[in-house]
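The residues making up each chain are set out below.
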Amino acid sequence: MTNYTKVFISFILTISSIILATFLWNKIYLPFKNPLEIIGEYSKQSYNPINDVLRYLIFIFFPLLVTLLCCIFFIKNSFRNIKKQILQDDKTTKNNVKSKKRKIVLFIFLIYVFLEFFSINFPYKPIDLYHEGQSLTPAFNNIINGGYWSNSYITVGVFHEIFATSFTWKLLGLETIGAARFQVLIINLIYKISLLFLSYQITKKFLLGENKKILSFLLLSFVMLSLSNFNIWEIHLLPSRDLPLVLFLILLVEVIDNKNFSNFFAFILGSLSVLSILWGLDRGAYLNLSLFLLFFLLIFKGKMKKSIFLIFGFFLGWIIFFSINAQNEAKFFIENSLSIYQNHGFIDGIIHPIPFSDDPNSWRATKTIISILICGLILIYLFVFNYKKFSNQSKLLLTFIFIISTISYIQALSRSDGPHMRESFGFPLIFLSIFFINKVLQIKKNFYNQPSVRLKKPFFQFVLIVQIFFLFLMSKFAIGYSPKAYSSIEPTINIENIKTFNSRFDIFINTTDDLFLDNKLLEVVNYYKFIAKNDKCVQIFNYDAGIPYLVKKYSCTKYFFIWGLGSKTNQLKFIEELKISKPNYILLHGPQDFSGGISASERLPYAYKYILDNYSKYKQVYEWVFYKRNIL
């Protein structure tokens, strides 16, 4: 059998497997079970959320398995070659004097990012009670009562919902919306810097001449910068919530290297386990799964010392965490986290569209999962054919980017709307950018690979000119910013804004919260302040999570974010806390009452019944309704 015939048969079988996986998508159907009695989109459709996970995994891994089997069948010793590449170490890449040029390019990128940050037009957009309330109210609860999980039911992560905002407030001596938004901008700044360092780390492992390494770093950094920006309202291709995963990849480059400090970086990588969970429960789960796979990879490679340092960092991080937190607080952390992992899919779930169909958001879903599948096919190609122009370390790095791409799509499976699918596209895009940039620069005949020493300095000068030119374009035309998120896009670097940054910053963080409210909301908040002036706390039963903060009272129960309440068990806990705190007033309904398609009263029947049995309608202000506790 000729090589062309083998390639043709393999191609036909791979395409057929994708077609079959698409056909099977809607055929995979597990019985519906809802033991936690959570009302949401899945329960309304009697749909088992595991369906989407199984369909997705089969769609990705069935074609990859078929392709791999074709390679093993048609290519002699292919499995042995894959194992050899995984076990075999590259020689330590030399990045000494010559890396100074790439550091200069990195330095220029960093200058651009800081100029962009200081050019920011501070966001004075009206408050988003739902999303911003998730950090404002629990941070305020923490300021007043201390505690973390004991006083607030954390749905995203304690860093995002409490620590970042409360720390900023304490640091600035202000408890304002402006100060809370500023910490989001700071996180975005740190994130963009981390993306540049990830680009620097990745290109270190490219098997390219120094000129090509500089050019690859330049191109990859432009891609990285386009994935995220300083617009806190925009849905980014790679949101700042992915910072732990970016740090994982940065450190991974050092761990898979053979340098003296690689054991130390393995230790640091292990300590990210607890930090990532505190950062975000979903990203923490993705990172810990990646750590688990890395641990066994190191053992498989015979790197026992690195694996020991990794596991030591893992356990030490958790030991320190539990020793710092009081026993009671740690208990609430465990209960809270397990509850979110159990409830989240049923609460937020939207049935995933069928690939290549006319379902809503099908095109975006298809684009992302096909991109992930292509990444897997490229990996097989690199390993099976022992592609020499990619170092073994680069292949391992791409493997973990593929793993992160695959598991990160879970967020789009559990909440299959446009924004969450968009947020899942960043890591596949990084993988494809790394491969194609490296592939293009492997071409032997090009002007930037000339051996003449006389061309080295002019070439580097040319690279700097190109870099500055494209950074100017990125600023002038705001490349990477979505027109959908702006009424008008202005240049991202503004000299006047840079000059007046300090004064604008001072005005922004000192802006009174009332200026972030529309007239209706302001009237509701002022009325709530009036009727609850003698109360220690307030309670809401709608999706306007920011109202307790605006009223400047802590939440009477830790369930300030009613959307995440979910199960019957949590509703009964909510009722028990209401019985203890006995709030005089509870705020229900509002403009966002049917956000997500289901009102709080329909979603949480046990809690709603208790309120109706013990509270009576008191006053309606626009769409909001106040209920007052019955006097026995």
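How each quantity is defined
Residues numbered from 1 in each chain as written. Predicted model: local features only at pLDDT ≥ 70, side-chain atom pairs only at ≥ 80, totals over all residues. Heavy atoms only, no water. Disulfide = S-S within 2.5 Å. Helix = DSSP H or I, 4+ residues; strand = E, 2+ residues; numbered from the N terminus. Buried < 20%, exposed > 50% of the residue type's maximum accessible area, 1.4 Å probe, protein only. Core = buried A, V, L, I, M, F, W, Y, C linked by side-chain atoms within 4.5 Å. Contact = heavy atoms within 4.5 Å. Pairing = 2+ DSSP bridges. Axes fitted to C-alpha atoms, helices over the stretch in contact; angles between N-to-C directions. Parallel < 35°, antiparallel > 145°, perpendicular 65-115°, else oblique. Left-handed = near helix turned anticlockwise from the far one by under 90°. Nonpolar A, V, L, I, M, F, W, Y, C, P; charged D, E, K, R; others polar. Phe/Tyr/Trp six-rings, centres within 6.5 Å; stacked < 30°, edge-to-face > 60°.

**Q** An account of the state of the cysteines is requested, with residue identities and associated values reported.
**A** Applying the stated criterion to the full structure yields one disulfide. Between the sulfur atoms of Cys-537 and its disulfide partner Cys-556 the distance amounts to 2.0 Å. Looking down the S-S bond of the Cys-537 and Cys-556 bridge, the torsion is 100°, so its handedness is right-handed. In this pair, Cys-537 sits in strand S1 (residues 537–541) while Cys-556 sits in the loop between strand S2 (554–555) and helix H25 (568–581), placing the two residues 19 residues apart along the sequence. Residue Cys-70 stays outside any disulfide, its sulfur separated by 6.9 Å from that of Cys-71, the closest cysteine. The class of Cys-70 is buried, set by a relative accessible area of 7%. Lacking any disulfide linkage, Cys-375 is separated from the closest cysteine sulfur, that of Cys-71, by 17 Å. In this structure Cys-375 comes out as buried when scored by relative accessible area, which is 0%.

**Q** Can you break down the nonpolar core residue by residue, with the values?
**A** Ranked by internal contacts, the top residues of the largest apolar core, which has 146 residues, are Phe-248, Leu-249 and Tyr-528. Ranked by residues supplied to this core, first place goes to helix H8 (residues 177–204) with 14 residues. Ignoring any residue separated from it by four or fewer positions in sequence, one finds Phe-248 in contact with Leu-269, Leu-272, Leu-287, Ser-290, Leu-291, Leu-294, Phe-400 and Ile-404. Of all hydrophobic cores here, the second largest spans 43 residues; its members include Val-158, Ile-162, Leu-278 and Tyr-559.

**Q** So what's going on with the sheet that holds strand S4 (residues 615–621)? Which residues, and what values?
**A** Read across the sheet, five strands follow the order S2-S1-S3-S5-S4 without closing on themselves; strand pairing throughout is mixed. The outermost strands of the open sheet, each flanked by one partner alone, are S2 and S4. When S1 meets S2, the two strands line up parallel, connected through two bridges. Bridged to Val-538 within S2 is Ser-555.

**Q** Break down unusual backbone geometry for me, citing the residues and quoting the values.
**A** Positioned with a positive phi, Lys-552 is a non-glycine residue whose angle comes to about 65°. Here Lys-552 shows up in the loop between helix H24 (547–551) and S2. In this structure Lys-552 comes out as partly exposed when scored by relative accessible area, which is 35%. Phi at Tyr-622 is positive, roughly 55°, even though this residue is not glycine. Counting through the fold element by element, Tyr-622 comes out in the loop between S4 and strand S5 (624–629). Note on Tyr-622: relative accessible area 38%, which makes it partly exposed.

**Q** Can you break down the environment of Lys-367 residue by residue, with the values?
**A** Mapped onto the elements, Lys-367 comes out in helix H15 (residues 362–384). Taking the C-alpha atoms as reference points, Lys-367 and Ser-503, separated by 136 residues in sequence, lie 45 Å from one another.

**Q** So what about the packing of helix H9 (residues 210–226) against helix H19 (residues 426–441)? Which residues, and what values?
**A** Interhelical geometry of H9 versus H19 gives an angle of 155° and a closest axis separation of 10 Å. When the interaxial angle is binned, H9 and H19 end up roughly antiparallel. In this structure, the crossing between H9 and H19 has a hand that is right-handed. Contacts between H9 and H19 involve Lys-212, Leu-215, Ser-216, Leu-219, Leu-220, Val-223 and Met-224 from the former and Ile-430, Ser-433, Ile-434, Ile-437 and Leu-441 from the latter. Here the contact of H9 with H19 is composed, by residue class, of nine nonpolar, two polar and one charged.

**Q** Quick one: what's the story with the packing of aromatic side chains, residue by residue and with numbers?
**A** For the structure on display, the rule yields 60 aromatic pairs. Judged by centre distance (6.4 Å) and plane angle (70°), the ring pair of Phe-32 and Phe-346 falls under edge-to-face. Remark: Phe-346 occurs in helix H14 (residues 327–348) and Phe-32 occurs in the loop between helix H1 (3–25) and helix H2 (41–44); sequence separation between them is 314 residues. Relative accessible area serves as the criterion here: at 29%, Phe-32 is assigned to the partly exposed category. A centroid spacing of 6.4 Å and a plane angle of 35° characterise the contact between Phe-560 and Phe-561, whose relative ring orientation is tilted. Across this residue pair, the class does not change: Phe-560 and Phe-561 are buried. Members of the aromatic cluster, joined through ring pairs, are Phe-117, Phe-118, Phe-122, Tyr-124, Phe-182, Phe-230, Phe-501, Phe-505, Phe-508 and Phe-516.

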